[in-house]
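Below, each chain spelled out in residue letters.
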Amino acid sequence: MNGYTGRLLERLPLARAHRWQGYSAAILLSLIGLVTRWALADSFPPGFPFLTFFPAVVLSGFLFGRGPGILSAVLCGALAWYFFIPPEMSFALESGAALAMGFYVGVVTVDLLLIDWMQRGTAQLRQERERCEKLAQRSHLLFSELQHRVSNNLQMVGAVLALQQRSVADPAARQALVDAGAKLQTIGRIQRQLYDHSGDPQTLERILPDLVDDLLTTSGRPGVTATVEVDSAIKLPPDSIIPVALIVAETIANAVEHGFAGRETGRIDVRMCAGAGSVTLTIANDGANPPADFSAAAATSLGLRISRTLADQLGGSFDLTPRDGGGAIATLQFKPAAG
């Protein structure tokens, strides 16, 4: 109801494009006031010459603006003076008539000034709202364009590094370039998914399933499947979402490369839940078990070092241990920062 009333007020005064309609309506309302005063003449005590004319003036000014309101005020005043102020049927200005007309002029002047002031304020608010909406649309377009450009640039640099490795003879250097390119492309994909079309930050509940599907698709291992479950109560700021998503990407890449080496099929289960003031992320796979003497804290592989560094950035811990029933399970635990 309030929204409808607000939209109606913003449309006032009516007939702005065809002013003659507003003036015609003001004349009609004044005549209705005259007819109503005549019809109710016997019901009124002596006096009250303007009683049915005040609504006509107020409605004319409120609905059609200052000009029609002034026209209605002049016309209603003249009709009331001529027909209902003694001596009737004349414009004689006796002392009583002068006092009544002065009262009428004062009342309608205040009414029309208040109405005009209100409508000017409403018009300014409408213009300001339209300006803010245009600025919001422009900001949204610029923000979306910036997001896409950052993502595209990151992925382009990753592609350039992947191409550059072809001209490098050293196998270790070539693999380092390939890994760096892949990581930059992953960061680019995450960056693109961080915000929705309205510019609001996305949640991990929406980002992780798409990211995992994308990672498995680009891995070239169609037999590897994954499930993703994220507690909808988890709300993280973008500065925390990126490290979490990168840890997921690194762990899945490690599982595909090492856990499912020599296998066509495999399963990865990603779970993220909140409890006791902390967030726990587990990424389990049914691939090969880690070596018996394996320690994630002492591992020197780039992927695990990146995951440990990202966990430190979140103020948490990262570990990779054997999974009951075979395979491995990576666990990230941290206290979420304020979103």
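The residue count restarts for each chain, going from 1 along the sequence in the order it is written. Totals for whole chains, interfaces and linings use every residue, but because this is a predicted model, local features are given only for residues with pLDDT of at least 70 and side-chain atom pairs only at 80 or more, for both listing and counting. Here the side-chain values reflect all heavy atoms present in the structure, with hydrogen atoms and water set aside.

Asks: Sorry if this is basic, but what is going on with the packing of aromatic side chains here?
Replies: In this description, a pair of aromatic rings is defined by centroid distance and the angle of the planes. Side-chain rings of Phe, Tyr and Trp, where Trp is taken by its six-membered ring, are said to pair if the distance between their centres is within 6.5 Å; with planes under 30 degrees apart they count as stacked, over 60 as edge-to-face, and otherwise as tilted. Taken as a whole, this structure holds ten aromatic pairs when the rule is applied. Counting every residue linked through ring pairs, the aromatic cluster contains Trp38, Phe53, Trp81, Tyr82, Phe83, Phe84 and Phe91.

Asks: Sorry if this is basic, but what is going on with the pairing of strand S1 (residues 224-230) here?
Replies: Each regular strand displays side chains that alternate between the two surfaces of the sheet. As paired elements, S1 and strand S2 (residues 266-275) share seven bridges and run parallel to each other. Each bridged residue has a counterpart across the sheet, and for threonine 225 the counterpart in S2 is arginine 267. Any two strands between which DSSP finds at least two bridges are classified as paired. Per the convention used, a helix needs a DSSP run of H or I reaching at least four residues, while a strand needs a run of E reaching at least two, with both numbered from the N terminus.

Asks: Can you walk me through the pattern of salt bridges in this structure?
Replies: As a working rule, side chains carrying opposite charge can pair if their charged atoms are close by. Counted as salt bridges are all cases of a side-chain nitrogen of Lys or Arg within 4 Å of a carboxyl oxygen of Asp or Glu. Applying the stated rule across the entire model yields eight salt bridges. Between aspartate 286 and arginine 263 there is a salt bridge whose closest N-O contact spans 3.8 Å. One end of the pair, aspartate 286, is in the loop between strand S3 (278-285) and helix H9 (302-313); the other, arginine 263, is in the loop between helix H8 (238-259) and S2, and 23 residues separate them in sequence. The partner of aspartate 269 in a salt bridge is arginine 267, and the shortest N-O contact between them spans 3.1 Å. Note on aspartate 269: relative accessible area 12%, which makes it buried. Each residue is placed in one exposure class: buried if its accessible area under a 1.4 Å probe, protein chains only, is under 20% of its type's maximum, exposed if it is over 50%, and partly exposed if it falls in between. Look at arginine 267 and you get partly exposed, because its relative accessible area is 37%.

Asks: Looking at this model, I keep getting lost on the nonpolar core. Mind explaining?
Replies: One broad trend across soluble globular proteins is that nonpolar side chains are buried collectively. Put simply, buried Ala, Val, Leu, Ile, Met, Phe, Trp, Tyr and Cys residues joined by side-chain atoms within 4.5 Å make one nonpolar core. Counting residues in hydrophobic clusters, the biggest one holds 42 residues, and the most contacted among them are Val244, Ile252, Ile268, Met272 and Leu332. Elements supplying a minimum of two residues to this core: helix H7 (204-219), S1, H8, S2, S3, H9, strand S4 (317-322) and strand S5 (328-334). Here this core takes ten residues from H8, the largest share from any one element. Every residue pair with non-hydrogen atoms within 4.5 Å of one another is taken to be in contact. Filtering out sequence-adjacent residues up to four positions away, valine 244 remains in contact with Leu204, Leu236, Met272, Leu281, Leu314, Leu332 and Phe334. Residues Leu29, Ala73, Leu79 and Ala97 belong to the second largest nonpolar core, which totals 23 residues.

Asks: Please explain the side chain of arginine 37 as it appears in this structure.
Replies: Relative to the assigned elements, arginine 37 resides in helix H2 (residues 19-39). No salt bridge forms around the buried arginine 37; measuring N to O, its nearest opposite-charge neighbour glutamate 88 is 7.2 Å away. For arginine 37, the residues in contact, after removing those within four places along its chain, are Phe44, Gly47, Phe48, Pro49, Thr52, Phe53 and Phe84. Under the convention used here, Asp and Glu are negative, Lys and Arg are positive, and both His and the chain ends fall outside the count.

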